[in-house]
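Structural characterization, general
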Amino acid sequence: MESNPSIMKVQGACNRPSNHLSIRPSVRPSIARLSPLLLGWHLLGVSMAKDPVRVLVTGAAGQIGYALVPMIARGVMLGPDQPVILHMLDIPPAAEALNGVRMELVDAAFPLLKGVVATTDAVEACTGVNIAVMVGGFPRKEGMERKDVMSKNVSIYKSQASALEAYAAPNCKVLVVANPANTNALILKEFAPSIPAKNITCLTRLDHNRALGQISERLTVQVSDVKNVIIWGNHSSTQYPDVSHATVKTPSGEKPVRELVSDDAWLRGEFITTVQQRGAAIIKARKLSSALSAASSACDHIRDWVLGTPEGTWVSMGVYSDGSYNVPAGLIYSFPVTCNAGEWTIVQGLSVDEFSRKKLDATAEELSEEKALAYSCLS
Ligand SMILES: NC(=O)c1ccc[n+]([C@@H]2O[C@H](COP(=O)([O-])OP(=O)(O)OC[C@H]3O[C@@H](n4cnc5c(N)ncnc54)[C@H](O)[C@@H]3O)[C@@H](O)[C@H]2O)c1
Ligand SMILES: O=C(O)C[C@H](O)C(=O)O
């Protein structure tokens, strides 16, 4: 257990870092609530205190950061019984805003929040972190393509990879949110060679959730009753939102989405483009990119990775390709995955029809091009 429960100051020294991620997947909150043993302890007023987990959020003074840090501090990411210490990094011009976020975290008096490191120093920010959510970067603005921001982000991710490699806790899990998310994650992997490739992921859960949302609206069903959509490939407009294996829970059992929608033209047309273009639609509407949905989806991504996916359910994560589904190895590509005991596994053996094959290949091709462009930015 960390000894100092106080909130720390901007640029302050770190608490002693814990050496590893101290979340035990077997003590999931829902199970913990049901366990007679834990309930007994609770009634006796004895809490099963866990060690705090250190969570880094880069770009914490930005709009996703502002939505994300209170979710983490409230237990949305790691569970309602998991104390956290937040490490927040931003760049010097944002230092004052970052301090404002820190002050608000103090003011919110989150019971699970055991400390805050708010800093513009990447080494201090990365020291001892168990989970790193990489949001910092240069966001795409209206009318800009993701490739326009490649070179700015590649250099950021190269240097932050080195800081994580040298100072993060062993087995640190990394989620890259900042665009181009897949390629930033790949650069991070390349420049942090001692962090296992399986620990470096990117966010396509927002796209996955958007796909669930579209199906739920179309069928007028609860979003929680829709599952097993897939986002294949890049977090970009070439991503392939696929409902070939998705189902909806109905009073008479699980039914295929394709059967219930009964409109392949919509599923292969408007549904796909709506999900692909949703980020751009939000930017057009808000003049800012999505923030609350991105933050919430980042929490979903880490929560499922650490605590596990429900039985019979998969989620989409951008992970290092091993050649599954004939996707070129060596790309960070979004696949359907299940998670157990803190490890993700690509769901194998799903049928891929000709229509889907073309879509999987097109988004892989874009990622290969992005990879080449990123490497050209490095030289
Ligand atoms: N993967 C996804 O699903 C998804 C969804 C939405 C947004 N995004 C991306 O997330 C990123 C952040 O979006 P936002 O709306 O919060 O942007 P924002 O501009 O509001 O915030 C970005 C923050 O990053 C900081 N920053 C810049 N360079 C940094 C560095 N080197 N180190 C640390 N911090 C740095 C900025 O000062 C700023 O505070 C963007 O790249 C955006 O395109 C991804
Ligand atoms: O498209 C963008 O740059 C915004 C973001 O990635 C999103 O999906 O909302």
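On a predicted model such as this, the values are computed, not experimentally measured, just so you know.

**So, the sheet that holds strand β7 (residues 226–227)**
- Here we have 3 strands laid out as an open sheet, ordered β7-β10-β11, and antiparallel in their pairing. Sheet topology places β7 and β11 (253–256) at the edges, where each strand pairs with a single neighbour.

**Some points on the packing of helix α8 (residues 205–219) against helix α13 (residues 292–307)**
- One can describe the packing of α8 onto α13 by two numbers: an axis separation of 8 Å at closest approach and a directional angle of 105°. Relative to α13, the element α8 is oriented roughly perpendicular. Contacts between α8 and α13 pair Arg-205, Leu-206 and Asn-209 from the former with Ser-293, Ala-294, Ser-297, Asp-300, His-301, Arg-303 and Asp-304 from the latter.
- Here the residues of the contact of α8 with α13 are counted per class, giving 2 nonpolar, 4 polar and 4 charged.

**Notes on helix α3 (residues 63–74)**
- Under the 1.5 Å per step criterion, the end-to-end length of α3 is 18 Å for 12 residues, consistent within 8% with the ideal 16 Å.
- Within α3, the full set of buried residues consists of Ile-64, Gly-65, Ala-67, Leu-68, Val-69, Met-71, Ile-72 and Ala-73.
- Tucked inside the fold, the buried residues of α3 contact β1 (53–58), β2 (84–89), α4 (95–108), β3 (113–119), β4 (131–134) and α13.

**Here we look at the site of ligand 1**
- In the vicinity of ligand 1, 25 residues are found, and the nearest of them are Gln-63, Asp-90, Gln-160, Val-177 and Asn-179.
- In this structure, an oxygen atom belonging to ligand 1 sits 2.8 Å away from a side-chain N or O atom of Gln-63.
- His-235 is positioned with one of its side-chain polar atoms (N or O) 3.3 Å from an oxygen atom of ligand 1.
- In isolation ligand 1 has 860 Å² of accessible area, and contact with the protein removes 88% of it.
- Secondary-structure elements contributing two or more residues to the shell around ligand 1 are α3 and α6 (150–167).
- Its residues assigned to classes, the shell around ligand 1 comprises 13 nonpolar, 10 polar and 2 charged.

**Observations regarding the UniProt feature "active site" (unreviewed entry) in the chain**
- Within this structure's numbering, the places UniProt gives as "active site" (unreviewed entry) are His-235.
- Relative to the elements of secondary structure, His-235 occurs in the loop between β8 (230–232) and β9 (240–242).
- On the accessibility criterion, His-235 (12% relative accessible area) is buried.

**Things to note about the packing of α6 against helix α7 (residues 181–190)**
- Running from N to C, α6 and α7 point in directions that differ by 40°, and their axes come no closer than 8 Å. Between α6 and α7, the interaxial angle falls into the category oblique. Relative to α7, the crossing made by α6 is right-handed. Taking contact as the criterion, the partners of Met-150, Asn-153, Val-154, Tyr-157, Lys-158, Ala-161 and Leu-164 in α6 are, on α7, Thr-183, Asn-184, Ile-187 and Leu-188.

**A short note on the side chain of Thr-119**
- Relative to the helices and strands, Thr-119 resides in strand β3.
- You can call Thr-119 buried: its relative accessible area is 0%.
- A polar side-chain atom of Thr-119 sits 2.9 Å from the main-chain amide nitrogen of Asp-121.

**Here we look at the pattern of salt bridges**
- All told, the structure shown has 14 salt bridges when counted by the stated rule.
- Taking the shortest distance from any N to any O, the salt bridge between Glu-343 and Lys-198 comes out at 3.5 Å. Taken together, the positions of Glu-343 in strand β14 (residues 343–346) and Lys-198 in the loop between α7 and β6 (200–202) put the pair 145 residues apart, joining distant regions of the chain.
- On the basis of relative accessible area, Glu-343 is assigned to the partly exposed category, the value being 34%.
- A relative accessible area of 35% places Lys-198 in the partly exposed class.
- In this structure, the salt-bridge partner of Asp-300 is Arg-303, at a minimum N-O distance of 2.9 Å. Taken together, the residues span about one helical turn, with Asp-300 and Arg-303 both in helix α13 at a distance of 3 residues.

Definitions and cut-offs
- Residues numbered from 1 in each chain as written.
- Chains lettered and ligands numbered in written order.
- Predicted model: local features only at pLDDT ≥ 70, side-chain atom pairs only at ≥ 80, totals over all residues.
- Heavy atoms only, no water.
- Pairing = 2+ DSSP bridges.
- Helix = DSSP H or I, 4+ residues; strand = E, 2+ residues; numbered from the N terminus.
- Axes fitted to C-alpha atoms, helices over the stretch in contact; angles between N-to-C directions.
- Parallel < 35°, antiparallel > 145°, perpendicular 65-115°, else oblique.
- Contact = heavy atoms within 4.5 Å.
- Nonpolar A, V, L, I, M, F, W, Y, C, P; charged D, E, K, R; others polar.
- Expected span 1.5 Å × (residues − 1).
- Buried < 20%, exposed > 50% of the residue type's maximum accessible area, 1.4 Å probe, protein only.
- Near = heavy atom within 4 Å.
- Polar contact = N/O pair within 3.5 Å; in protein donor to acceptor, adjacent residues only side chain to side chain.
- Areas by Shrake-Rupley, 256 points an atom, 1.4 Å probe, with all protein chains shown as cover.
- UniProt positions renumbered as here; feature names shortened; annotations may be inferred.
- Left-handed = near helix turned anticlockwise from the far one by under 90°.
- Salt bridge = Lys/Arg side-chain N within 4 Å of Asp/Glu carboxyl O.

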